[in-house]
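Listed below are the residues making up each chain.
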Amino acid sequence: MTGNARNNKLDIIYSRYKDLMHYIANDVLRDYHLAEDAVNQALYRISESLDELDEADSAQTKNFVSVVTKRTAIDMYRKRAKTDALSLNALIADFSGAE
């Protein structure tokens, strides 16, 4: 697939499924800005698999986009939870040491 055809296919996928992708990502993350980041990361992951998708507007593609978006959002949620826990532990350690 040529670069132009790949870009066109990705544009069609984004145009067709952007609302669904935002809904899924926001449902997992509960944060509009993080959901935007998740959608962008999901699009990157989808772009790496464009050759495996037959048509941009099909049930198979919709399912693929949904799964990739949800898994990307879950990965971001887990990373954020881990970072938040580490930050909380550091704050507790700083507070405990200040006594």
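Residues numbered from 1 in each chain as written. Predicted model: local features only at pLDDT ≥ 70, side-chain atom pairs only at ≥ 80, totals over all residues. Heavy atoms only, no water.

Chemist: Explanation requested: unusual backbone geometry in the structure shown.
Modeler: What is expected of a backbone is that most residues other than glycine have negative phi and most peptide bonds are trans. One non-glycine residue, arginine 30, lies in positive phi territory at about 55°. Examined against the element boundaries, arginine 30 turns out to sit in the loop between helix H1 (3–29) and helix H2 (32–47). (Helix = DSSP H or I, 4+ residues; strand = E, 2+ residues; numbered from the N terminus.)

Chemist: Is there a simple way to think about the environment of leucine 10 in this case?
Modeler: With respect to the helices, strands and loops of the structure, leucine 10 is situated in helix H1. Separated by 46 residues in sequence, leucine 10 and alanine 56 place their C-alpha atoms 7.7 Å apart. Leucine 10 has contacts with Leu43, Ile46, Ser47 and Leu50, leaving out every residue within four places of it along the chain. (Contact = heavy atoms within 4.5 Å.)

Chemist: Honestly, the pattern of salt bridges in this entry has me stumped. Any pointers?
Modeler: If the charged atoms of two oppositely charged side chains come close together, the side chains can form a pair. Overall, the coordinates contain four salt bridges when judged by the stated rule. Here arginine 30 and aspartate 27 are joined by a salt bridge, their closest N and O atoms 3.6 Å apart. Residue class for arginine 30 comes out exposed when judged on its relative accessible area of 66%. (Salt bridge = Lys/Arg side-chain N within 4 Å of Asp/Glu carboxyl O. Buried < 20%, exposed > 50% of the residue type's maximum accessible area, 1.4 Å probe, protein only.)

Chemist: Explanation requested: the environment of threonine 69 in the structure shown.
Modeler: As for its placement among the helices and strands, threonine 69 is situated in helix H3 (residues 59–97). Threonine 69 sits in the buried class, given a relative accessible area of 0%. Residues threonine 69 and leucine 43 lie 26 residues apart in sequence; the distance between their C-alpha atoms is 8.1 Å. Beyond its immediate sequence surroundings of up to four residues, threonine 69 is in contact with Met21, Ile24, Ala25 and Ala42.

Chemist: Which parts of the structure should I look at to understand H1?
Modeler: Because the α-helix completes a turn every 3.6 residues, residues three or four places apart line up on one side. In this model H1 runs just 32 Å from its N-terminal to its C-terminal C-alpha over 27 residues, more than 12% under the 39 Å that 1.5 Å per residue would give. Of all the bends in H1, the greatest, near 65°, is centred on tyrosine 17. Buried within H1 are the following residues: Lys9, Ile13, Tyr17, Met21, His22, Ile24, Ala25 and Leu29. (Expected span 1.5 Å × (residues − 1). Bend = angle between axes of the 7 residues up to and from the residue.)

Chemist: Quick question: what am I supposed to make of the nonpolar core here?
Modeler: As a rule of thumb, nonpolar side chains are buried together in soluble globular proteins. Among the nonpolar cores identified, the biggest contains 18 residues, and Ile13, Met21, Ala25, Ala38, Ile46 and Val65 are the most heavily contacted of them. If you list the elements that add at least two residues to this core, you get H1, H2 and H3. Apart from the residues lying within four places of it in its own chain, the contact partners of isoleucine 13 are Lys18, Ile46, Leu50, Leu53, Ala56, Thr61 and Val65. (Core = buried A, V, L, I, M, F, W, Y, C linked by side-chain atoms within 4.5 Å.)

Chemist: For this particular structure, what's the right way to read the side chain of threonine 72?
Modeler: Mapped onto the elements, threonine 72 comes out in helix H3. Take threonine 72: its relative accessible area is 0%, and that puts it in the buried class. Excluding residues within four positions of it along the chain, threonine 72 makes contact with Ala38, Gln41, Ala42 and Arg45.

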